[in-house]
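# Coordinate inspection notes
Now for the letters of each chain:
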Amino acid sequence: MSERFDAIVVGAGFGGLYMLHKLRQQGLRVRVFEAGDGVGGTWFWNRYPGARCDIESMEYSYQFDEALQQEWTWSEKYATQPEILSYINHVADRFDLRRDIQLETRVLAAHFEDGSWSVRTDDNQTWTAKYVVMATGCLSSANLPDIEGRDTFNGAVYHTGLWPKDGVDFTGKRVAVIGTGSSGIQSIPIIAEQAEHLTVYQRTANFSVPAHNRPLDESEVAQRKAEYPAFRQEMRSTAFHANFRYNEANALETSEQDRLAEYEARWQAGGLPFMASFADLMFDQQANATAAEFIRGKIEAQVDDPAVAELLSPNGVVGCKRLCVDTSYYATYNRPNVSLVDVNRQPIERIEAQGIVSGGRTNPLDAIIFATGFDAMTGALTNIDIKGQDALPLEDAWAEGPKTYLGLSIHGFPNLFLITGPGSPSVLTNMLPSIEHHVEWIAECIDWAERNGKRELQARLDAQEAWVAHVNEVGDSSLYPRCNSWYLGSNVPGKPRVFMPYLGFPPYAEKCAEVAASGYQGYDVA
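Thresholds applied
Residues numbered from 1 in each chain as written. Predicted model: local features only at pLDDT ≥ 70, side-chain atom pairs only at ≥ 80, totals over all residues. Heavy atoms only, no water. Helix = DSSP H or I, 4+ residues; strand = E, 2+ residues; numbered from the N terminus. Rg over C-alpha atoms; globule rule 2.2 N^0.38 Å. Buried < 20%, exposed > 50% of the residue type's maximum accessible area, 1.4 Å probe, protein only. Contact = heavy atoms within 4.5 Å. Areas by Shrake-Rupley, 256 points an atom, 1.4 Å probe, with all protein chains shown as cover. Lys, Arg positive; Asp, Glu negative; His and termini not counted. Charge placed at Lys NZ, Arg CZ, Asp CG, Glu CD. Core = buried A, V, L, I, M, F, W, Y, C linked by side-chain atoms within 4.5 Å. Pairing = 2+ DSSP bridges. Axes fitted to C-alpha atoms, helices over the stretch in contact; angles between N-to-C directions. Disulfide = S-S within 2.5 Å. Phe/Tyr/Trp six-rings, centres within 6.5 Å; stacked < 30°, edge-to-face > 60°. Lys NZ or Arg CZ within 6 Å of the ring centre and 35° of its normal. Polar contact = N/O pair within 3.5 Å; in protein donor to acceptor, adjacent residues only side chain to side chain. Arc of directions from axis to C-beta.

This next bit is on the overall build of the protein. When helices and strands are counted, the protein shows 15 helices and 20 strands. In summary, the protein has a C-alpha radius of gyration of 23 Å against a globular reference of 24 Å for 526 residues, a match within 12%. Dimensions along the principal axes, computed over C-alpha positions, put the protein at roughly 70 × 55 × 45 Å. Counting all 526 residues of the protein, 58% fall into the buried class. Partitioning the contacts of the protein with sequence separation of at least 6, the portion at a separation of at least 24 is 72%. Total accessible area computed for the protein in this model is approximately 21,500 Å², and 46% of it derives from carbon and sulfur atoms. Within the protein, the 69 negative side-chain charges are centred at a point lying 2 Å from the centre of the 45 positive side-chain charges.

A word on unusual backbone geometry. Non-glycine residue Asp96 carries a positive phi angle of around 50°. Within the secondary structure layout, Asp96 lies in the loop between helix H4 (81–94) and strand E3 (101–102). For His212, which is not glycine, the phi torsion reads 50° and is therefore positive. Of note, His212 is situated in the loop between strand E10 (208–210) and helix H6 (218–226). Taking the relative accessible area as the measure of exposure, His212 reaches 34% and is therefore partly exposed.

With that settled, consider the nonpolar core. Residues Phe14, Leu198 and Trp441 are the most contacted members of the largest nonpolar core, which totals 137 residues. No other element matches the 11 residues that helix H13 (residues 431–451) contributes to this core. In this structure Trp441 touches Leu408, Phe417, Cys512, Val515, Ala516, Tyr520 and Tyr523, once residues within four positions along its chain are discounted. Grouped together as the second largest cluster of nonpolar side chains are 22 residues, Val10, Phe112, Trp117 and Leu416 included.

Either a parallel or an antiparallel arrangement is found when strands of a sheet pair, and the pairing is made through backbone hydrogen bonds. The strand order across the open sheet formed by 3 strands is E13-E14-E15, and the pairing between neighbours is antiparallel. Because the sheet does not close on itself, it has two edges, and the strands there are strand E13 (348–351) and strand E15 (361–364). Averaged over all pairs of adjacent strands, the angle between strand axes in this sheet comes to 25°, irrespective of strand direction. Pairing analysis gives 3 bridges linking E13 to strand E14 (residues 355–358), with the strands arranged antiparallel. Bridge pairing links Arg350 to Val357 in E14.

Judged by pairing direction, the sheet is parallel, and its 5 strands sit side by side in the order E7-E16-E8-E9-E12 without closing on themselves. Edge positions in the sheet fall to strand E7 (156–159) and strand E12 (338–342), since each has one partner strand and no second. Put simply, the sheet's adjacent strands are angled 20° from each other on average, direction ignored. In this sheet, strand E9 (residues 197–202) lies alongside strand E8 (residues 174–178) in parallel orientation, the contact comprising 5 bridges. When the bridges of E9 are listed, Val175 appears paired with Leu198.

Under the criterion given, the structure shown has 1 disulfide. Here Cys445 stays free of any disulfide, with the sulfur of Cys512 as its closest cysteine sulfur at 11 Å. In this structure Cys445 comes out as buried when scored by relative accessible area, which is 0%. For Cys512, a relative accessible area of 1% puts it in the buried group.

Structurally, the position occupied by Glu514 is in helix H15 (residues 505–517). The spacing of Glu514 and Gly15 is 499 residues in sequence and 23 Å in space, taken between C-alpha atoms.

Now for the packing of aromatic side chains. Centre distance and the angle of the planes are the two values used to describe a pair of aromatic rings. One pass over the structure, following the stated rule, counts 40 aromatic pairs. Through successive ring pairs, a cluster of aromatic residues spans Phe14, Tyr18, Trp43, Tyr60, Tyr62, Phe64, Trp72, Trp74, Tyr87 and Phe95. We note Arg47 situated over the ring of Phe44; from NZ or CZ to the ring centre the distance is 4.8 Å. Here the guanidinium or amino end of Arg224 rests over the ring plane of Phe231, the centre of that ring lying 3.8 Å away.

Turning to the side chain of Glu76, a few remarks are in order. Among the secondary structure elements, Glu76 is positioned in the loop between helix H3 (66–71) and H4. In terms of polar contacts, Glu76 uses its side chain to reach the side chain of Arg52, at 3.3 Å. Apart from residues no more than four positions distant in its own chain, Glu76 is found in contact with Arg52, Ser57, Glu83, Asn213, Arg214, Pro215 and Leu216.

Another aspect to go through is H6. The set of residues buried in H6 consists of Val221, Arg224 and Lys225. Considered in projection along H6, the buried side chains sweep an arc of 100° and stay on one side of the axis. In this structure, H6 carries Ser219, Gln223 and Ala226 as exposed residues pointing more than 90 degrees from its buried face. Summarising the contacts, the buried residues of H6 are in contact with H3 and helix H7 (228–236).

Bridge analysis of E14 against E15 gives 4 bridges, and the strand direction is antiparallel. Bridging from a neighbouring strand, Ser358 pairs with Arg361 of E15. Connecting E14 to the next strand, E15, in antiparallel fashion are 2 residues, including Gly359 with a positive phi near 55°.

See below:
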């Protein structure tokens, strides 16, 4: 006979841990299932060299407990993966969360049957619960390209999103990195310092800005901690829910001299705030082109070989693929032991036992690293056999692309909630406060249902369709859908091309508040 819980949470990253804490505070019996042998989610699996957050560490942290904010001290402007994982473990211990987390247990299926969810795990156990919360993360389903002969290579093979816990030493090795997204751009400079030779296989050049990472000094830490409540409140009113120092001026209404000065100041400061240089950067192609030209000039100035600089210089829209943040990425290509292969000109034909064949030539290798990203935002969900009412598979419900109400619920799947699901701001914001916002909304919704004796909450089809149309309309008003990116699922062959995140945190939060205040407008409640 299966064990019954009030709620089952899938995933023990930032979302799952806080969801457990909130529901336990409400007196519910909760079980969290986590595939890894430790908590941490994204930061448990992504241990590749150079892995660190691209949001400043004093913002990329929980704010639900003021004592926690005050007691934890970050060491760097951008925290490394080990430091973030230490923080997550500290939170798990501080709030005694581990006793309700079952590690090394992968959820294989979740079926809605007779008013309850039946959840099957890979240890052949079945569990039931009234509510299921998917805290599976936006970037947690590793994407491996289907390259002929991929499994025939005699050397070591790695994926940046599934990195060995004990690390890898590439000293004296001939190494290939396939992919120049964020994980490639962060890891390539460090791997280049170790490897005998590093070959980078690039399909699409990416825009990247310097991190200018540095240790945090005690005075600035003390100042931020003193102003945390006001600072957090101020961030809630910003589009990206982050301290990007927004400039309300438009690039095209600013003189060239002042425009270049603003870009230079942002470049010297470093990080994602570059995207907030001007208000029209993501809404006007000409405005965006001024930023693209500036970054291309910086690439040309850093890379000695003009031909290599040209290959590294993107032609598209700044920001429609996630802007990368790096440390010495472009300068790495000046090293004599680093080669760049443009797979548009020299396609990867196959992988053989000895290495990679591209452009008719074999590159002998000892290790291949796939820095090829994720089946973002939906992959971790569709990899689970989720069936709602009338045994409707989630894959069928999402055959034309993901459809949700507020990124929180799916029509046909009662009492199933998503944390930072498609149709919510998620990856276009600072993920931590967006996670907290969703966890608190879900917890309040469940509390309301329990207090009012409700059995089921399900997003209405008309409300879901209206929300999906709104998400698309807002996305189409920007430049975000103008290039192939994981925001649209374009990196996964056969995946429907739909712009998945919602652009703009404040209007989204207002809509969520309205829905709750109206007794969960847009939901069928029984």
